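Chain residues, written in single-letter form:
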Amino acid sequence: MKIDYKDLLDKKLSINSYMWPNEIKPYEFIETIVKSGIKNVGLHTDFIESYGVNKLRQDLNLNKINVTSVNSVGYFTDPFYSNQNEKILNYGKILNPDLICVITGGILGGPNPISQEFKQINNYLDIKTIREETLVKFKTLMSQAEKFKLHLGLEPIGSWEILKKGHFNSIASCQKLIKNSNHKLIIDLYHSFEDLDLERFLKKSPHLGLLQFSNIRFDKNFRPVGRKTINDENNMENIDIAKYLKILFNRKDNLKIELEIFQTDFTENPQNIILNIKKELLNIL
């Protein structure tokens, strides 16, 4: 039986608001989503606060748009950013997302760029101790989320970003953290494209909660440094996005696929990217 990729994209495709420029009114993002026929969005904190969380919830409900992710909580290594967790969980309670994304934070504290609030005590990287401390903090966060009746989506972060973004870097290590819970993993192809467990996990694991995708930009030293949009030019010499999307489409569940790119990743008109994304994906499927 031939798979109807158009129908699956209509149901499963999500767009993350990270791509939406600050200089364009946030309500125009929702208008563009509606015009494109996309039924899901991922949301980040700055966008939520710019829009107003209650007005945003009203407009999402009015247009029958589902929230695949709210981004992000965690940052366990940084006191400033981790203190925002309860506020973001409260946003989640209002917006009712499929998952609240968890980023563990860099060994040197904070998201990118490295937080200025963090003060390094020692002159060496004590990765083992920091991971042990995070295990305790993550259990507390899981309990907090459960009180709000929310599900967390822990995201493995590429090891090349261990200092500034995340210190649990493999699918296997993150699976251990959510074992025996109802929480999930968010797999971002940018961070996990080289993980040996990637295909197996995407095909079979009940712990998968969401797949985030984009093309990947490599620098002159062949290191991943950013994301690219989906189009004919950017699809050359890249990871096989179609393969991973097809794996998701063959699963017998309702897992979503979320395009995650950032304002710094592209120069195109963001509205055009959203309006054309289904066509671009159908070209590669």
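This report concerns the structure included in the present document. Predicted model, so just to flag it, every value in this text is computed and none were measured.

### Examining the pairing of strand β1 (residues 13-16)
Here is step 1 of the chain: Burial along β1 is two-sided: the residues L13 and I15 and S14 and N16 are all buried.
Here is step 2 of the chain: The parallel pair β1 and strand β2 (residues 40-44), bridged by helix α2 (residues 26-36), forms a crossover whose chirality is right-handed.

### Quick look at helix α1 (residues 5-12)
Note that an α-helix has 3.6 residues per turn; residues three or four places apart therefore point the same way.
Here is step 1 of the chain: Every buried residue of α1 is accounted for by Y5, L8, L9, D10 and K12.
Here is step 2 of the chain: Where the residues of α1 are buried, they touch β1, β2, α11 (241-249), β10 (257-259) and α12 (270-284).
Here is step 3 of the chain: Residue D4 occupies the N-cap position of α1, its side-chain oxygen lying 3.3 Å from the main-chain nitrogen of K6.

### Concerning the nonpolar core
Here is step 1 of the chain: One finds I15, F138 and F213 to be the most contacted residues of the largest nonpolar core, which totals 74 residues.
Here is step 2 of the chain: Beyond its immediate chain neighbours, meaning those up to four positions away, I15 contacts F29, I33, I38, N40, V41, G42, L259, I274 and I277.
Here is step 3 of the chain: Counting residues in each nonpolar core, the second largest holds seven residues, with Y75, C101, I103 and L210 among its members.

### Remarks on the sheet that holds strand β3 (residues 66-74)
Here is step 1 of the chain: An order of β1-β2-β3-β4-β5-β6-β7-β10 is seen for the eight strands of this closed barrel, with the pairing classed as parallel. Shown here is a sheet whose adjacent strand axes are inclined to one another by a mean of 30°, direction ignored.
Here is step 2 of the chain: Relative to strand β6 (residues 184-188), strand β5 (residues 152-154) is paired through two bridges, and the arrangement is parallel. Bridging from a neighbouring strand, L154 pairs with L185 of β6.
Here is step 3 of the chain: Its contacts with the sheet place helix α7 (residues 127-147) against β3, β4 (99-103) and β5, and it is angled at close to 150° to β5.
Here is step 4 of the chain: Strand contacts of helix α8 (residues 171-178): β5 and β6, with the helix running at about 160° to β6, the strand carrying the most contacts.

### Observations regarding unusual backbone geometry
Here is step 1 of the chain: Of note, the bond from N71 into S72 is cis; its omega dihedral lies within 30 degrees of zero at -10°.
Here is step 2 of the chain: Here S72 lies in strand β3.
Here is step 3 of the chain: Even without a glycine there, the phi angle at N96 is positive, about 55°.
Here is step 4 of the chain: If you trace the backbone, N96 turns up in the loop between α6 (85-95) and β4.
Here is step 5 of the chain: Accessibility expressed as a relative area gives 54% for N96, which makes it exposed.

### Observations concerning the state of the cysteines
Every disulfide links exactly two cysteines, by a covalent bond between their sulfur atoms.
Here is step 1 of the chain: For the structure shown, the criterion picks out zero disulfides.
Here is step 2 of the chain: We note that C101 lacks a disulfide partner, and the nearest cysteine sulfur, in C174, lies 11 Å from it.
Here is step 3 of the chain: Residue classification places C101 among the buried positions, given a relative accessible area of 1%.
Here is step 4 of the chain: A residue is classified by how much of its surface remains accessible, and C174, at 0% relative accessible area, is buried.

### Section: the packing of aromatic side chains
Here is step 1 of the chain: One pass over the structure, following the stated rule, counts 11 aromatic pairs.
Here is step 2 of the chain: Centre to centre, the rings of Y5 and F249 are 5.9 Å apart; their planes meet at 40°, and the pair counts as tilted. Of this pair, Y5 sits in helix α1 while F249 sits in helix α11, and the two are 244 residues apart along the sequence.
Here is step 3 of the chain: The interplanar angle of 75° and the centroid separation of 5.3 Å between the aromatic rings of F29 and F47 together place this pair among those described as edge-to-face. Separated by 18 residues along the polypeptide, F29 in helix α2 and F47 in helix α3 (residues 45-51) bring together distant segments of the chain.
Here is step 4 of the chain: Given the relative accessible area of 0%, F29 is considered buried.
Here is step 5 of the chain: What makes F47 buried here is its relative accessible area of 5%.
Here is step 6 of the chain: Chaining the aromatic ring pairs together yields one cluster made of W20, F29, F47 and Y51.

### Things to note about the side chain of S17
Here is step 1 of the chain: Along the chain, the position of S17 falls in the loop between β1 and α2.
Here is step 2 of the chain: A relative accessible area of 0% means that S17 is categorised as buried.
Here is step 3 of the chain: Residues within four places of S17 in sequence aside, it is in contact with F29, G42, L43, H44 and F47.

### Quick word on the pattern of salt bridges
Here is step 1 of the chain: This structure, assessed with the given rule, holds 14 salt bridges.
Here is step 2 of the chain: Note that D219 is salt-bridged to R223, the shortest N-O span being 3.3 Å.
Here is step 3 of the chain: Relative accessible area serves as the criterion here: at 22%, D219 is assigned to the partly exposed category.
Here is step 4 of the chain: On the basis of relative accessible area, R223 is assigned to the partly exposed category, the value being 49%.
Here is step 5 of the chain: The shortest N-O distance in the salt bridge between E260 and R227 comes to 3.4 Å. Residue E260 is located in the loop between β10 and α12, and its partner R227 is located in strand β9 (residues 224-228); the two are separated by 33 residues in the primary sequence.
Here is step 6 of the chain: Since its relative accessible area comes to 3%, E260 is described here as buried.

Definitions and limits used
- Residues numbered from 1 in each chain as written.
- Predicted model: local features only at pLDDT ≥ 70, side-chain atom pairs only at ≥ 80, totals over all residues.
- Heavy atoms only, no water.
- Buried < 20%, exposed > 50% of the residue type's maximum accessible area, 1.4 Å probe, protein only.
- Helix = DSSP H or I, 4+ residues; strand = E, 2+ residues; numbered from the N terminus.
- Right-handed = clockwise from strand over helix to strand, strands pointing away.
- Contact = heavy atoms within 4.5 Å.
- Polar contact = N/O pair within 3.5 Å; in protein donor to acceptor, adjacent residues only side chain to side chain.
- Core = buried A, V, L, I, M, F, W, Y, C linked by side-chain atoms within 4.5 Å.
- Pairing = 2+ DSSP bridges.
- Axes fitted to C-alpha atoms, helices over the stretch in contact; angles between N-to-C directions.
- Disulfide = S-S within 2.5 Å.
- Phe/Tyr/Trp six-rings, centres within 6.5 Å; stacked < 30°, edge-to-face > 60°.
- Salt bridge = Lys/Arg side-chain N within 4 Å of Asp/Glu carboxyl O.

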